[in-house]
Amino acid sequence: MKKKLLFRCLMGAPIGVTVSLIITIFFSLCLGGREYNPAPPELVELCGNTVIAVIVQLLCSLAIGAASAGSSVIFEIEKWSLLKQTLVHFGVIAVPFFGLGYLLNWVSHQPIGALAFVGCFVAVYFIMWISIYFSIKSKVKKMNMQLREIRQDDIK
């Protein structure tokens, strides 16, 4: 389990950076598309310059990607219920995402903006969870059908 966790964290870290880069491009396009903003202006101001802000954002994106990917091993703890796995997984990814997002000014420091960010995060998590749940449920149904066919062939 430890090797699997480490492997997934190492695979998730660059994915976190890639997603972060895509998001910065998306927001730059939404803000008029004439200039690329690699980090929020508040973070640049806090760090003193754009280069340091981008390095800080890169390191935090690595951490968020690693935590997100590594936390998937939670769903392999068979003695836990699906509800417990989901709640623990949500907490493991939400805490660094919200915490670092707040520090990096990805999240508005105004209550309404912060609530909107949390709402979007919860909605995206829910949509992804439902999609994965029904995908796995479909695969299990197909495997059960194949097992029934094998049993019927063995009986004949």
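Please refer to the structure higher up on the page.
Notes on the structure follow.

Conventions used here
Residues numbered from 1 in each chain as written. Predicted model: local features only at pLDDT ≥ 70, side-chain atom pairs only at ≥ 80, totals over all residues. Heavy atoms only, no water. Core = buried A, V, L, I, M, F, W, Y, C linked by side-chain atoms within 4.5 Å. Buried < 20%, exposed > 50% of the residue type's maximum accessible area, 1.4 Å probe, protein only. Helix = DSSP H or I, 4+ residues; strand = E, 2+ residues; numbered from the N terminus. Phe/Tyr/Trp six-rings, centres within 6.5 Å; stacked < 30°, edge-to-face > 60°. Axes fitted to C-alpha atoms, helices over the stretch in contact; angles between N-to-C directions. Parallel < 35°, antiparallel > 145°, perpendicular 65-115°, else oblique. Left-handed = near helix turned anticlockwise from the far one by under 90°. Contact = heavy atoms within 4.5 Å. Nonpolar A, V, L, I, M, F, W, Y, C, P; charged D, E, K, R; others polar.

1. A few points about the nonpolar core
Among the nonpolar cores identified, the biggest contains 6 residues, and these are Ala39, Leu43, Val44, Ala53, Cys60 and Leu104. Secondary-structure elements contributing two or more residues to this core are helix 2 (41–47) and helix 3 (50–70).

2. Concerning the packing of aromatic side chains
Scanning the model with the defined rule gives 10 aromatic pairs in all. Ring geometry for phenylalanine 26 versus phenylalanine 27: centroids 5.7 Å apart, planes at 75°, classification edge-to-face. Aromatic side chains phenylalanine 97 and phenylalanine 121 sit 5.0 Å apart centroid to centroid with 35° between the ring planes, which places their arrangement in the tilted category. Of this pair, phenylalanine 97 sits in helix 4 (residues 82–103) while phenylalanine 121 sits in helix 5 (residues 111–155); the two residues are 24 residues apart in sequence, bridging distant segments of the chain.

3. Observations regarding the packing of helix 1 (residues 2–30) against helix 3
One can describe the packing of helix 1 onto helix 3 by two numbers: an axis separation of 6 Å at closest approach and a directional angle of 130°. By the angle between their axes, helix 1 is oblique relative to helix 3. Both helix 1 and helix 3 take part in a crossing whose hand is right-handed. Across from Leu5, Arg8, Cys9, Gly12, Ala13, Pro14, Gly16, Val17, Ser20 and Thr24 in helix 1, the residues of helix 3 making contact are Gln57, Leu58, Ser61, Leu62, Gly65, Ala66, Ala69 and Gly70. For the contact of helix 1 with helix 3, the class distribution of residues is 9 nonpolar, 8 polar and 1 charged.

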